[in-house]
There are 2 protein chains.
Amino acid sequence: MKSDRDRSVRLLWEPPAEPTRGPKAALSQSRVVEAAIKVADADGIDALTMRRVAETLGNTAMSLYRHVPGKSELLDLMVDAVWGETEPTPRGPWRAGLEFYARQVWAMYRAHPWMLQLTTSRRMPGPHAMTRQDAAYAAVSELGLAPEEIVAVVTTVSHFVDGVGRTMADRVQAERETGVSEEDWWDGREALWEHFTPDRLPMMTHIWNSGGFERLLDEFEFGLARVLDGLAVFIESEERPLVRPQTCL
Amino acid sequence: MKSDRDRSVRLLWEPPAEPTRGPKAALSQSRVVEAAIKVADADGIDALTMRRVAETLGNTAMSLYRHVPGKSELLDLMVDAVWGETEPTPRGPWRAGLEFYARQVWAMYRAHPWMLQLTTSRRMPGPHAMTRQDAAYAAVSELGLAPEEIVAVVTTVSHFVDGVGRTMADRVQAERETGVSEEDWWDGREALWEHFTPDRLPMMTHIWNSGGFERLLDEFEFGLARVLDGLAVFIESEERPLVRPQTCL
DNA sequence: CTAGAACCGTGTACAACGTACACCCTGTGT
DNA sequence: ACACAGGGTGTACGTTGTACACGGTTCTAG
């Protein structure tokens, strides 16, 4: 148990020690991670099998296990490698900082939608993810907020970006799996439209008939502006209401 | 293809036709869906196998296929059944309405965290999910918003709730899989704390030392209040800036 | 300079998954 | 009475992660 967890920590935070003996390795940890990211980018997280990664490297599945303890740890490494591609939030006014952070994460999710399909909570955090988050905290560090308020503010932005990202990622995956674009998919749904009757779905039919679904606003841009507006209200208010968790599961 | 999609629509929107001939069925579509939800609630979405569901019903795996076309469609049915457990948003002031909607969805996610691990975008929407969303649109229908603005406002709330829900769901799943509570997990991470040095992670060590991570604010309550504040700024402003998508993937 | 340890990659094998298929049994409409 | 529609079972296949034993390669200790 303990050794397992310590091993995972070392795996992410310390560079792999290179051996002094044995034949020269054709593979390496970074090459495996790189290849795995490429596979996930190209064909989605479901296509990421050990056999497939090995194949793109010209080796067999079991060869990967010399460089990576298992698939779960490979995912850890992939996640942190992708975080490493982002820019840390620079110092500056809080709103610009949070916006920068949000855009970086959003760009990351767009480039690697599979990131959102990986469970993140208990996954071991790596150094890149941590430093990026640290820089985001720094963006709101000089507003006189309590420490827990700093965390809450950044977390709120993260949750929003995660939310938009997830629906985007789902869309990408669905398009890849079915080979049908979002529009074509919904167009082919005559059997569904039959159930769109004004008595059952009054608002939806109204929005539909007035073309509201055809000229949608940008989900990310719209939502981000609102979230930052809301945080501004909080940050600029004199007395800030503290919200403590009561039964937070 | 076409018949496939039409079949999925009928599966969700029309009650299953009951047969006139043949032996009395021990199972039924609703019993299968019910059992599947119970399994997912108890042991997570990964434990939801056809064999396992059948077992809890006292049957074999293949028997399920008489009542459900396949696992994917079973998931569709589970999702819509859970939506059916929520209250539709009542009429009233917009802010109370959106708050009600957010709390309903949040409660739904807390009761069934696996909902957030299912891909939602291309999943066939069922009648319950649709009517709930319709009622949410209705909450902001009388503010003089353009149709696409109505959609954007509700979508923003949804994205936030999805975001909080996801981290909550991840936490629940991790606790179940490892049998270790969130606190114990992080406590056992000495090897990780060694890397928490002020030069690498200045903000995090500062927040940590001042105990900010130990008295966190309620993520849902805090974030929801900010998001609604931000939407209020938008709704009450005279000229609303329209944000159109440019290259939305 | 040589023996052996350390290391790299391979091949085989297993359990668990969704589900296609062939089968037998049960009950109703003609 | 009988055909047949429908319910449930047993077997089997392909795919997944990975444990294990093995053979080849290179550096280090004696």
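Residues numbered from 1 in each chain as written. Chains lettered and ligands numbered in written order. Predicted model: local features only at pLDDT ≥ 70, side-chain atom pairs only at ≥ 80, totals over all residues. Heavy atoms only, no water.

J.: Just to check I follow, could you spell out a negative patch on the surface for this structure?
T.: A cluster of acidic residues, A:Glu14, B:Glu175, B:Glu183, B:Asp184, B:Asp187, B:Glu190, B:Glu194 and B:Glu214, forms a negative patch at the surface. Of note, B:Asp187 is situated in helix α8 (residues 182-187). B:Asp187 gets classed as exposed once you look at its relative accessible area, which sits at 52%. (Patch = residues over 30% accessible without salt bridge, like charges linked within 9 Å, V, L, I, M, F, W, Y side chains within 5 Å. Areas by Shrake-Rupley, 256 points an atom, 1.4 Å probe, with all protein chains shown as cover. Salt bridge = Lys/Arg side-chain N within 4 Å of Asp/Glu carboxyl O. Lys, Arg positive; Asp, Glu negative; His and termini not counted. Charge placed at Lys NZ, Arg CZ, Asp CG, Glu CD. Helix = DSSP H or I, 4+ residues; strand = E, 2+ residues; numbered from the N terminus. Buried < 20%, exposed > 50% of the residue type's maximum accessible area, 1.4 Å probe, protein only.)

J.: Looking at this model, I keep getting lost on helix α4 (residues 71-83) of chain B. Mind explaining?
T.: Residues spaced three or four apart along an α-helix face the same direction, because each turn holds 3.6 residues. Residue and element names in this part refer to chain B. Taking 1.5 Å of rise per residue, 13 residues should cover 18 Å, and α4 covers 19 Å from first to last C-alpha, within 8% of that figure. Among the 13 residues that make up α4, ten are buried, leaving the element largely enclosed by the rest of the structure. Every buried residue belonging to α4 is among Glu 73, Leu 74, Leu 75, Asp 76, Leu 77, Met 78, Val 79, Asp 80, Val 82 and Trp 83, and all of these are buried. (Expected span 1.5 Å × (residues − 1).)

J.: Would you explain helix α6 (residues 127-139) of chain A in this entry?
T.: Residues and elements named next belong to chain A. Here α6 spans 19 Å end to end across 13 residues, near enough to the 18 Å set by a 1.5 Å rise per residue. With ten of 13 residues buried, α6 is to be regarded as a mostly interior element. Among the residues of α6, Pro 127, Ala 129, Met 130, Arg 132, Asp 134, Ala 135, Ala 136, Tyr 137, Ala 138 and Ala 139 are the ones counted as buried.

J.: I'm lost on the packing of aromatic side chains in this one. Help?
T.: Any two aromatic rings considered together are summarised by their centre-to-centre distance and by the angle between their planes. Using the criterion set out here, one finds twelve aromatic pairs over all chains in the structure. Their ring planes at 5 degrees and their centres at 4.7 Å tell us that B:Trp106 and B:Phe220 sit as a pair that is stacked. Here the residue B:Trp106 occupies a position in helix α5 (residues 94-111), and B:Phe220 occupies one in helix α11 (residues 219-236), the gap between them amounting to 114 residues. With a centroid separation of 5.1 Å and 85 degrees between ring planes, the pair formed by B:Trp193 and B:Phe196 is classed as edge-to-face. For B:Trp193, a relative accessible area of 26% gives the class partly exposed. Taking the relative accessible area as the measure of exposure, B:Phe196 reaches 14% and is therefore buried. Ring pairing ties together the aromatic residues A:Trp193, A:Phe196, A:Trp208 and A:Phe213, which thus form one cluster. (Phe/Tyr/Trp six-rings, centres within 6.5 Å; stacked < 30°, edge-to-face > 60°.)

J.: What is the right way to read the relation of the copies chain B and chain A from this model?
T.: Each of the two chain copies goes to the other by way of a rotation about an axis and a shift along it. With an RMSD of 0.0 Å, the operation that places chain B on chain A is a rotation of 180 degrees combined with a shift of 0.0 Å along the axis. Each copy turns onto its partner about a two-fold axis. It is B:Gly230 whose C-alpha, among those of chain B, lies nearest the rotation axis, at 1.8 Å. When the interface residues of chain B are mapped onto chain A, 100% of them again lie at the interface, so the same face is used by both copies. (Least-squares fit on C-alpha atoms with pLDDT ≥ 70 in both. Contact = heavy atoms within 4.5 Å.)

J.: Can you help me understand the protein's contact with DNA strand D in this one?
T.: Looking at DNA strand D, there are 26 residues lining it, with A:Tyr65, A:Lys71, B:Ala26, B:Arg66 and B:His67 nearest. Restricting the count to atoms of DNA strand D within 4 Å of the protein gives a sugar and phosphate share of 56%. One of the side-chain N or O atoms of A:Arg51 is found 2.9 Å from a base nitrogen in DNA strand D. One of the side-chain nitrogen or oxygen atoms of A:Lys71 is found 2.7 Å away from a phosphate oxygen of DNA strand D. (Near = heavy atom within 4 Å. Polar contact = N/O pair within 3.5 Å; in protein donor to acceptor, adjacent residues only side chain to side chain.)

J.: Could you clarify how one ought to interpret the protein's contact with DNA strand C in this entry?
T.: In the neighbourhood of DNA strand C, 25 residues make up the surrounding shell, with A:Ala26, A:Thr60, A:Arg66, A:His67 and B:Lys71 lying closest. The sugar-phosphate backbone supplies 62% of the atoms of DNA strand C found within 4 Å of the protein. At a separation of 2.7 Å, a phosphate oxygen of DNA strand C approaches a polar side-chain atom of A:Thr60. Between a phosphate oxygen of DNA strand C and a side-chain N or O atom of A:His67, the distance comes to 2.7 Å. The residue makeup of the surface near DNA strand C, split by class, is eleven nonpolar, eight polar and six charged. (Nonpolar A, V, L, I, M, F, W, Y, C, P; charged D, E, K, R; others polar.)

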